[in-house]
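Structural characterization, general
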Amino acid sequence: MLTLYLLRHAKSSWDDASQPDFERVLANRGREACTLIGEFIEEKEIDFDLVLVSTAVRTRETIELVKEHAKFRGEVRYDERIYEATVSQLLGIISQIDNDRESVLLVGHNPGI
């Protein structure tokens, strides 16, 4: 049976109002939160077979920082369909996960997550 974990990207920066939404980076507060989440995952000994991540800059940063502290070894796969996905679209992506996966982390955005 698949265990699905959902993670919204960490707090992003709004410092540059001219920057496109897709390219927004994490704020310092977001980077600090990634450390805490990564340490929590490590402490609880959670490992993922697969990590599905939106291709937006802030989700890529989130998973890289979380992975640094969590030290999980699962495959990380970037999927452009996750960016701005609705709940229905996310369910469609989830339904395509291989049956042999046991623990999957999906890293995305609100309001879909």
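Residues numbered from 1 in each chain as written. Predicted model: local features only at pLDDT ≥ 70, side-chain atom pairs only at ≥ 80, totals over all residues. Heavy atoms only, no water.

With that settled, the discussion passes to the packing of aromatic side chains. For the coordinates displayed, the defined rule picks out 3 aromatic pairs. Note on F48 and F72: the rings are 5.1 Å apart at their centroids and 85° apart in plane angle, and the pair reads as edge-to-face. Of this pair, F48 sits in the loop between α1 (28-43) and β2 (50-53) while F72 sits in the loop between α2 (57-70) and β3 (75-78); the two residues are 24 residues apart in sequence, bridging distant segments of the chain. According to the relative accessible area criterion, F72 is buried, its value standing at 3%. Here a set of aromatic residues connected by ring pairs shows up, and it is made of Y5, F48 and F72. Over the ring of W14 we find R24, and its NZ or CZ is 3.7 Å from the ring centre. The lysine or arginine in question, R60, covers the ring of Y78, its NZ or CZ lying 4.0 Å from the ring centre. (Phe/Tyr/Trp six-rings, centres within 6.5 Å; stacked < 30°, edge-to-face > 60°. Helix = DSSP H or I, 4+ residues; strand = E, 2+ residues; numbered from the N terminus. Buried < 20%, exposed > 50% of the residue type's maximum accessible area, 1.4 Å probe, protein only. Lys NZ or Arg CZ within 6 Å of the ring centre and 35° of its normal.)

Here we come to the nonpolar core. Judged by nonpolar contacts, the single largest core of 15 residues is most densely connected at F48, V51, I63, F72, L105 and V107. Counting only elements with at least two residues in this core, the list comes to α1, β2, α2 and β4 (103-108). Residue contributions to this core peak at 3 residues, all from α2. With residues near it in sequence (within four places) discarded, I63 still touches V51, V53, F72, Y78, L105 and V107. Residues I82, I94, I97 and V104 belong to the second largest nonpolar core, which totals 10 residues. (Core = buried A, V, L, I, M, F, W, Y, C linked by side-chain atoms within 4.5 Å. Contact = heavy atoms within 4.5 Å.)

Remark: α1 packs on α2, axes separated minimally by 7 Å, with the N-to-C direction vectors making an angle of 45°. Viewed along their axes, α1 and α2 adopt a mutual orientation that is oblique. In the packing of α1 onto α2, the handedness of the crossing is right-handed. Across from R31, C34, T35, I37, G38, E39, I41 and E42 in α1, the residues of α2 making contact are E61, T62, L65, V66, H69 and A70. Residue classes in the contact of α1 with α2 are distributed as 6 nonpolar, 4 polar and 4 charged. (Axes fitted to C-alpha atoms, helices over the stretch in contact; angles between N-to-C directions. Parallel < 35°, antiparallel > 145°, perpendicular 65-115°, else oblique. Left-handed = near helix turned anticlockwise from the far one by under 90°. Nonpolar A, V, L, I, M, F, W, Y, C, P; charged D, E, K, R; others polar.)

What follows concerns helix α3 (residues 87-95). Turning to α3, its buried residues number three or more, namely L90, I93 and I94. Viewed end-on, α3 has its buried residues packed into an arc of 100°, placing them on one side of the element. Within α3, the exposed residues directed more than 90 degrees away from the buried face are S88, L91 and S95. Buried positions along α3 lie against β1 (3-8), β2 and β4. (Arc of directions from axis to C-beta.)

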